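As a plain string of letters, each chain reads:
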Amino acid sequence: MPGGQTVALVVAVARNGVIGRDNGLAWHLSSDLKRFKALTMGSTLLMGRRTWDSIGRPLPGRRTLVLTRDRGFRVEGAETIHDWSSARRMAGERLMVVGGAEIYALALPEADLIHLTEVEAEPEGDVRFPPFDRSAFKEVHREAHPAGPRDDYPYAFVDLERLR
């Protein structure tokens, strides 16, 4: 962790590894969206260009870095970067990685924390969370929830901390 920097991933993953479908989420979980906001408020977010496109706007109260190979890509409300080391350098104390799959794969080897929402479903999807060694992390929090009136599926909030 350069200068005490923390790299945290924020991700919702179905039992079959799906994290997205058709450039969007494969489910609606109102409580997960609220948790995402609470976890990321005031932080620097890192996302790929397709994730940016799916959100379509800067998220209030957060600095946004968009990682893309397209050197000409520019959007209002976000800073464009082209490599992982730039993201680390620009992030400050806490970098919150919020997708998609390629960006998660870049960040996983250096992730200190994973704020995981385990979605109790196996939906169709075209984007999956990259495989990782879960034994390299310790589960430090788990909170299971049934599907509420504004949730498609039951889910659990799980926090994983890298073993050092």
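- The name an unreviewed UniProt entry assigns to the protein chain is Dihydrofolate reductase, from the organism Methylobacterium persicinum.
- As stated in UniProt under Pathway (unreviewed entry), the record for the protein chain gives "Cofactor biosynthesis; tetrahydrofolate biosynthesis; 5,6,7,8-tetrahydrofolate from 7,8-dihydrofolate: step 1/1."
- Under the Function (unreviewed entry) heading, UniProt states for the protein chain: "Key enzyme in folate metabolism. Catalyzes an essential reaction for de novo glycine and purine synthesis, and for DNA precursor synthesis."

**Regarding the pattern of salt bridges**
Working step 1: Applying the stated rule across the entire model yields 13 salt bridges.
Working step 2: With a closest N to O distance of 2.8 Å, R50 and E102 form a salt bridge. Here R50 is found in helix α2 (residues 49–55), whereas its partner E102 is found in helix α4 (residues 101–107), with 52 residues between them in sequence.
Working step 3: Relative accessible area serves as the criterion here: at 48%, R50 is assigned to the partly exposed category.
Working step 4: With relative accessibility at 40%, the residue E102 sits in the partly exposed group.

**Regarding the packing of aromatic side chains**
Working step 1: Inspection of the entire model under this criterion finds four aromatic pairs.
Working step 2: Seen from their ring centres, F129 and F132 are 5.7 Å apart, and the 90° between their planes marks the pair as edge-to-face.
Working step 3: Given the relative accessible area of 29%, F132 is considered partly exposed.
Working step 4: Ring centres of Y155 and F157 lie 5.2 Å apart, and the angle between their planes is 45°; on these two criteria the pair is classed as tilted.
Working step 5: What makes Y155 buried here is its relative accessible area of 4%.
Working step 6: Its relative accessible area of 7% is what places F157 among the buried residues.
Working step 7: A connected cluster of aromatic rings, assembled from ring pairs, spans Y104, F129, F132 and F137.

Rules of the game
Residues numbered from 1 in each chain as written. Predicted model: local features only at pLDDT ≥ 70, side-chain atom pairs only at ≥ 80, totals over all residues. Heavy atoms only, no water. UniProt positions renumbered as here; feature names shortened; annotations may be inferred. Salt bridge = Lys/Arg side-chain N within 4 Å of Asp/Glu carboxyl O. Helix = DSSP H or I, 4+ residues; strand = E, 2+ residues; numbered from the N terminus. Buried < 20%, exposed > 50% of the residue type's maximum accessible area, 1.4 Å probe, protein only. Phe/Tyr/Trp six-rings, centres within 6.5 Å; stacked < 30°, edge-to-face > 60°.

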